[in-house]
Amino acid sequence: MHPNDLSLRSFVAVDPRSDFPIQNLPYGVFSTASQPAPRIGVAIGEYVLDLAALASAGLLEVAGDNVFAQGAINGFMALGLQTWSATRARISELLRHDNAELRDDAALRARALVPLHEATLHLPLTVAGFTDFYSSKEHASNVGALFRDNADPLLPNWLHIPIGYNGRASTVVVSGTAIRRPHGQLKEPGEAAPRFAQSLRLDFELEIGVVIGQGSAIGERLTEPQAEAMIFGFVLLNDWSARDIQQWEYVPLGPFQGKAFATSISPWIVTREALEPFRVAGPAQHPPPLDYLAQAGPNNYDLALEVELRSATMPAPATICATNFKFMYWSSVQQLLHHASSGCAMNVGDLLGSGTVSGPGPGQRGSLLEISANGAAPLALPGGESRGFLEDGDSVSLRGWCERDGIRIGFGAVEGTVRAAK
Ligand code: CA
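Everything numeric here is computed off the predicted structure, so don't read it as measured data. (Residues numbered from 1 in each chain as written. Predicted model: local features only at pLDDT ≥ 70, side-chain atom pairs only at ≥ 80, totals over all residues. Heavy atoms only, no water.)

1. A short note on the overall build of the protein
The cut-off we apply is this: Helix and strand assignments follow DSSP, with helices taken as H or I runs no shorter than four residues and strands as E runs no shorter than two, numbered in order from the N terminus. Radius of gyration: C-alpha atoms only; globule rule: 2.2 Å multiplied by the number of residues to the exponent 0.38. Using a 1.4 Å probe on the protein chains alone, a residue whose accessible area is under 20% of its type maximum counts as buried, one over 50% counts as exposed, and one in between counts as partly exposed. Note on contacts: a residue pair qualifies if any of its non-hydrogen atoms lie within 4.5 Å across the two residues.
Along the protein, the regular secondary structure elements total twelve helices and 26 strands. In terms of C-alpha radius of gyration, the protein reaches 22 Å, essentially the compact-globule figure of 22 Å for 422 residues. Principal-axis analysis of the C-alpha atoms gives the protein an extent of 70 × 55 × 35 Å. Taken across its 422 residues, the protein has 54% of its residues classed as buried. Taking contacts inside the protein between residues at least 6 apart in sequence as the whole, the part at least 24 apart equals 72%.

2. Overview of the pattern of salt bridges
Note the cut-off: Put simply, a salt bridge is a Lys or Arg side-chain nitrogen that is within 4 Å of an Asp or Glu carboxyl oxygen.
Counted by the stated rule, this structure contains 22 salt bridges. Between glutamate 228 and arginine 279 there is a salt bridge, and its shortest N-O distance comes to 2.9 Å. Placement of the pair is glutamate 228 in helix 7 (residues 224-230) and arginine 279 in strand 18 (residues 279-280), with a sequence separation of 51 residues. Of the two residues, glutamate 228 and arginine 279, neither departs from the other in class, the shared state being buried. A salt bridge links glutamate 385 to arginine 387, with the shortest nitrogen-to-oxygen separation between them at 3.2 Å. Owing to a relative accessible area of 5%, arginine 387 belongs among the buried residues under this scheme. Residues joined by salt bridges that share partners form a network here, namely Asp203, Glu205, Asp239, Arg243 and Lys259.

3. Side note on the pairing of strand 21 (residues 318-324)
Sheet faces and side chains relate simply in a regular strand, where the side chains alternate between the two faces. This is how the line gets drawn: A pair of strands counts as paired when DSSP detects no fewer than two bridges linking them.
In terms of burial, strand 21 is largely enclosed, as five of its seven residues are buried. Alignment of strand 20 (residues 304-310) against strand 21, held across six bridges, turns out to be antiparallel. Pairing of leucine 305 across the sheet is with threonine 323, part of strand 21.

4. Some points on the sheet that holds strand 1 (residues 27-32)
Threshold: Lines fitted to C-alpha atoms define the axes, with helix axes restricted to the stretch in contact, and inter-axis angles between N-to-C directions lie between 0 and 180 degrees.
Within the open sheet, the five strands sit side by side as 4-3-2-1-5. Their pairing is antiparallel. Every interior strand has two partners, whereas the edge strands, strand 4 (113-115) and strand 5 (119-122), have only one. Direction aside, neighbouring strands of the sheet carry axes that sit 50° apart on average. Strands in contact with helix 3 (residues 81-95) are strand 1, strand 2 (39-44) and strand 3 (47-50); relative to strand 1, the strand with the most contacts, it is inclined by about 60°.

5. Side note on unusual backbone geometry
Each neighbour pair has its own omega, and for valine 251 with proline 252 the value is 5°, a cis peptide bond. By secondary structure assignment, the location of proline 252 is in the loop between helix 8 (243-249) and helix 9 (257-260). Along the chain, histidine 286 connects to proline 287 via a cis peptide bond; the corresponding omega equals 0°. The phi torsion at alanine 373 lies on the positive side, around 50°, for a residue other than glycine. Among the structural elements, alanine 373 can be located in the loop between helix 12 (368-371) and strand 23 (379-380). For alanine 373, a relative accessible area of 31% translates into the label partly exposed.

6. Points about the domain arrangement of the protein
Our working definition: Here the limits of each domain have been adopted from an automatic or database domain assignment. For any pair of parts, buried area is found by adding up, for both, the accessible area (1.4 Å probe) each one loses once the two are put together. Side-chain atoms alone can form a polar contact between residues adjacent in sequence; in general such a contact is a pair of N or O atoms within 3.5 Å, and within protein one must be able to donate a hydrogen while the other accepts it. Each residue receives one of three labels: charged for Asp, Glu, Lys and Arg, nonpolar for Ala, Val, Leu, Ile, Met, Phe, Trp, Tyr, Cys and Pro, and polar for the others, Gly being one of them.
Here the domain parsing of the protein yields domain 1 (27-122) and domain 2 (130-419). In this structure, domain 1 and domain 2 have C-alpha centres spaced 30 Å apart. In this complex, domain 1 contributes 20 residues to the contact, which on the side of domain 2 involves 18 residues. Buried surface at the junction of domain 1 and domain 2, summed over both partners, amounts to about 1,500 Å²; 67% is from carbon and sulfur atoms. Of the charged contacts in the structure, one is a salt bridge between glutamate 273 and arginine 88, with a shortest N-O distance of 2.6 Å. At the junction of domain 1 and domain 2, the tally comes to five residue pairs in polar contact (both at pLDDT 80 or more). Elements with a minimum of two residues in the side of domain 1 that touches domain 2: strand 1, strand 2, helix 2 (74-77), helix 3 and strand 5. If you tally residues by element for the side of domain 1 that touches domain 2, the top one is helix 3, at four residues. Here the side of domain 1 that touches domain 2 is composed, by residue class, of 13 nonpolar, six polar and one charged.

7. Quick look at helix 11 (residues 332-339)
In an α-helix there are 3.6 residues to a turn, and that puts residues three or four apart on one side. Taking burial as the measure, the eight residues of helix 11 include eight buried ones, the bulk of the element. Among the residues making up helix 11, those that are buried are Ser332, Val333, Gln334, Gln335, Leu336, Leu337, His338 and His339. Considering only its buried residues, helix 11 is in contact with strand 6 (130-133), strand 7 (164-166), strand 13 (206-212), helix 7, strand 14 (231-238) and strand 22 (351-353).

8. Some thoughts on the environment of arginine 103
Considering the arrangement of structural elements, one finds arginine 103 in helix 4 (residues 100-103). Between the C-alpha atom of arginine 103 and that of phenylalanine 11, which follows or precedes it by 92 residues, the distance is 6.7 Å. Apart from the residues within four sequence positions on either side, arginine 103 is in contact with Phe11, His97, Asp98 and Arg109.

9. With respect to the sheet that holds strand 21
Taken in spatial order, the five strands line up as 9-26-25-20-21 in an open sheet, and their pairing is mixed. Lying at the two open borders of the sheet, with one neighbouring strand each, are strand 9 (179-180) and strand 21.

Structure representation (structure tokens):
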């Protein structure tokens with residue numbers, strides 16, 4: 001049976017509301033107090049399945065040395081699509097309710113099934129390069145209206161090119177990492193000269209990150225099927241942004257220090273294969289993209305996304321955005337096609353940010369910049385506080401999931417709490 005089959009059940013009890021049923025099997029890197037060396041596992045219900053332990057026991061074979069006994073998933077990703085698929089099928093088989101290999105081996109089960117609350121989750125990959133795109137038409141229009149021109153918010157290239165910039169791999173951090181408020185060069189519109197000070201317009205951006213699992217050579221352009229086959233999976237991504245730094249620096253070369261201080265990703269990489277049942281066509285593209293960006297198939301995903309904000313004094317988080325990845329104008333495949341179109345080499349472990357995911361509705365804006373109209377209309381929070389931008393002590397959580405027939409292919413969360421500037 002295919003690992004995406006909805007009738008599959010695991011001998012590991014999985015709550016129906018869990019993000020991690022047997023049809024998901026997202027990859028992460030974890031360690032435990034008793035075994036502090038980071039290694040690769042998949043999430044199943046409230047457990048992490050230790051793939052290094054399964055490989056040592058001879059139940060999970062892949063080429064080469066034990067690629068699962070490593071602190072990053074890059075070595076496994078480098079083995080390619082057929083290995084990814086065969087490994088996922090084998091893990092699914094080992095977790096099935098009617099397979100005795102692991103189910104009836106109590107000693108191995110005790111070693112290989114680690115309760116999630118006992119696991120420390122690490123950055124799941126060594127990020128080779130980080131590129132961030134700007135592919136939501138709603139987001140680009142909202143930001144263009146606030147930063148530039150309300151009547152004509154999209155620049156003339158936007159409908160032709162998946163706009164992007166090269167970000168910093170060095171500051172990609174895993175969920176739970178505190179985010180230090182950055183300093184930078186600021187110049188408010190009314191001020192005569194810039195000054196160096198802490199950012200007062202700190203923001204989040206709701207994004208999906210694409211994890212590239214196969215490289216391409218310098219000078220090589222990609223076809224749509226090649227680009228597809230290079231995508232290993234997806235993570236939740238918060239592209240923290242200092243709007244005051246960004247607004248002063250971004251002309252003419254785009255964002256730099258306003259985005260370089262931190263990017264948070266979720267600890268679990270949901271495979272492209274697990275998301276296959278949720279493929280949908282994206283918005284109609286007018287004018288039609290140039291041939292090298294043409295898509296034969298639907299490359300968007302029906303993937304629900306939410307943002308929760310909790311201040312230091314709020315007893316519970318408030319949901320401040322609920323949108324969907326399916327609204328993205330440029331797909332991840334088109335972003336990758338464009339990225340390699342000049343002959344730019346792609347590497348195993350490259351991370352491509354989708355760009356802020358905003359939808360057409362008022363509750364579907366994926367940044368405070370948009371929600372508060374650049375601070376002009378602060379967001380009211382339960383309990384009486386309001387926010388134009390993030391305050392110290394604020395915690396932001398992004399969540400995402402696909403769902404059909406009561407089975408949820410979820411991403412868990414990516415959380416970060418703002419700490420005072422140094
Ligand atoms: Ca961004």
